[in-house]
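# Report on the structure
Here are the chains, one letter per residue:
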Amino acid sequence: MKKFLLPVIMLTLTLNASAQDLETIKKDRYTLNIINKNDQLDTKLKKSLTDAFFVAYPAFARADGYRTKREVDLEISNETPGISAAEGKITINRDWLKQHPENLEKTLRYELSRHWVSADTIKKKGYELVFISKDPNLDQQVKQKLIDTYFKIYPVLVKTYNKKSTKEVLFVVDTAYKAVAEASGGRILFSAGYMKAHPTDIDVVTHETMHIVQGYGYSAGPVWLTEGIADYIRYKHGVDNVGSKWSLPDFNNQQSYTNSYRITARFFAWIEKNEKPGLIKQLDQELRAHTYNNGSWKTLTGKTIDELWTAYAQNPVI
Ligand SMILES: [Zn+2]
């Protein structure tokens, strides 16, 4: 009987101890696990800590780029000095925490962002760009061109297509991100590897900032239409499509307007020239207002999209 009792008692003790040591708090899409051994935190200090975390960490995660962890282990320790913080893992010295409750948010932000190679905030004529690089090998000329293109193109796109667009944009050059680039929520993520292999492809900025201006939200229209518009905008407003050898591909009979990107963009260039100048601006407005539907083409041009494509196929010169 005694032989069995001891393991049972030990197991109970372990469970009780871990229940006290670990507290999980979830807010928005973030999870904070506070690991606190040996001692209890007073309620006020714990509130300061969680308040600081839920301001500093989501801001960091947004700026940090690709797939930054949303679950964080925060350990309060007697051993490590001060505070150390990286994605998913924060350690704070117990005594330091008791002495510095008022600086928590600022210190957390600083410590988290120390892993970035650079973080610049640039402001011009009411527009702001925060440029974060996580690539130690990012070409400084490429970086400067990305910044210059933002300040040259983005205000034009905002004024022309959607004056309500945000004027605060975030660029992140991330080594962990392997596609080309993507835009969401005022942030553009650039693949460090892609920019290294294609340093002249600066008008990625033009295409991606148009996505910010579009801001259609979900299920406003088909993806080929959104992407076709973004590439048409690059064709029309791009700063150096020639230098990057970016052009619209010639028409052939295998194509469809749903091919998206440049093929759709060329069709739009043809419509603007031959059928209905200003159509893209009108479609863009309808998509943003969520009033776009299949009938929009007929209403705006007098022809269905298939009739337009047939006319395009018969004489595709632009
Ligand atoms: Zn796109």
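Refer to the preceding data block for the structure.
Read on for an overview of the structure.

Rules used in this analysis
- Residues numbered from 1 in each chain as written.
- Predicted model: local features only at pLDDT ≥ 70, side-chain atom pairs only at ≥ 80, totals over all residues.
- Heavy atoms only, no water.
- Pairing = 2+ DSSP bridges.
- Helix = DSSP H or I, 4+ residues; strand = E, 2+ residues; numbered from the N terminus.
- Axes fitted to C-alpha atoms, helices over the stretch in contact; angles between N-to-C directions.
- Core = buried A, V, L, I, M, F, W, Y, C linked by side-chain atoms within 4.5 Å.
- Buried < 20%, exposed > 50% of the residue type's maximum accessible area, 1.4 Å probe, protein only.
- Left-handed = near helix turned anticlockwise from the far one by under 90°.
- Contact = heavy atoms within 4.5 Å.
- Donors = N, O, S within 2.8 Å, 3.2 Å for Na, K, Ca; no water.
- Expected span 1.5 Å × (residues − 1).
- Polar contact = N/O pair within 3.5 Å; in protein donor to acceptor, adjacent residues only side chain to side chain.
- 1 Å grid on protein atoms, 1.4 Å probe; cavity = no way out; pocket = protein on both sides within 12 Å on 5 of 7 lines; lining within 4 Å.
- Points joined across faces, edges and corners; volume = space filled by probe spheres on them.
- Nonpolar A, V, L, I, M, F, W, Y, C, P; charged D, E, K, R; others polar.
- Phe/Tyr/Trp six-rings, centres within 6.5 Å; stacked < 30°, edge-to-face > 60°.
- Lys NZ or Arg CZ within 6 Å of the ring centre and 35° of its normal.

With that settled, consider the sheet that holds strand 1 (residues 22-27). The pairing of strands in a sheet comes from backbone hydrogen bonds and takes either a parallel or an antiparallel form. Taken in spatial order, the five strands make up an open sheet running 1-2-3-5-4, and their pairing is mixed. The open sheet is flanked by strand 1 and strand 4 (83-86), the only strands paired with a single partner. Neighbour-to-neighbour, the strand axes of the sheet open up by a mean angle of 15 degrees, direction not taken into account. Of the pairings in the sheet, the one linking strand 2 (residues 30-36) to strand 3 (residues 71-77) comprises six bridges and is parallel in character. Its bridge partner being in strand 3, I35 is matched across the sheet by E75.

Ranked by internal contacts, the top residues of the largest apolar core, which has 59 residues, are F171, F190, F268 and W297. For this core, the element with the most residues is helix 5 (residues 140-161), which contributes ten residues. Of all hydrophobic cores here, the second largest spans 33 residues; its members include I34, V72, L108 and I132.

A few words on the packing of helix 2 (residues 43-64) against helix 4 (residues 104-113). Interhelical geometry of helix 2 versus helix 4 gives an angle of 35 degrees and a closest axis separation of 8 Å. Judged by the sense of rotation from one axis to the other, the crossing of helix 2 with helix 4 is right-handed. Contact residues: S48, L49, A52, F53, V55, A56, Y57, A59 and F60 in helix 2; L104, E105, L108, R109, L112 and S113 in helix 4.

Here we take up the coordination of the zinc ion. Protein coordination of the zinc ion is provided by H207 (NE2), H211 (NE2), E227 (OE) and E227 (OE), with donor distances spanning 2.0 to 2.8 Å. We note that the donor set of the zinc ion lies within a single chain, spaced as H-x3-H-x15-E. With H211 in helix 7 (residues 204-214) and E227 in helix 8 (residues 223-237), this residue pair connects regions lying 16 residues apart in the sequence. Taken as a pair, H211 and E227 share a single burial class, namely buried.

On to helix 2, then. The terminal C-alpha atoms of helix 2 lie 31 Å apart, and with 22 residues this matches the ideal 32 Å at 1.5 Å per residue to within 8%. When helix 2 is considered as a whole, its buried residues turn out to be L45, L49, T50, A52, F53, F54, A56, Y57, F60, A61, A63 and D64. Two or three places before K44, at the start of helix 2, stands the capping residue D42, its side-chain oxygen 3.0 Å from that residue's backbone nitrogen. Positive backbone phi, approximately 110 degrees, marks G65, located one or two places after helix 2.

Looking at the largest pocket, its volume works out to about 570 Å³. Lining the largest pocket are 18 residues, with A183, H211, Y216, G217 and T226 sitting closest to its centre. Of all the secondary structure elements, the ones that give two or more residues to the lining of the largest pocket are strand 9 (181-184), helix 7 and helix 8. For the lining of the largest pocket, the residue count by class is seven nonpolar, ten polar and one charged.

Bringing the packing of aromatic side chains into the picture now. What the rule picks out here adds up to 25 aromatic pairs. When the centroid spacing of 5.8 Å and the interplanar angle of 15 degrees are considered together, the rings of F60 and W116 count as stacked. Placement of F60 in helix 2 and of W116 in the loop between helix 4 and strand 6 (118-124) is noted, with a sequence separation of 56 residues between them. Look at W116 and you get buried, because its relative accessible area is 14%. Plain terms: the ring middles of Y150 and Y154 are 5.2 Å apart, the flat faces sit at 20 degrees to each other, and that makes the pair stacked. One end of the pair is Y150 and the other is Y154, both in helix 5 and four residues apart, which spans about a single turn. Accessibility classification places Y150 together with Y154 in one group, the buried group. Within the aromatic cluster, the residues linked to one another by ring pairs are W224, F251, Y257, F267, F268, W270, Y292, W297, W309 and Y312. If you follow K124 out to its NZ or CZ, it ends over the ring of F151, 5.0 Å from the centre.

Without other data, these values stay purely geometric and don't point to any function.
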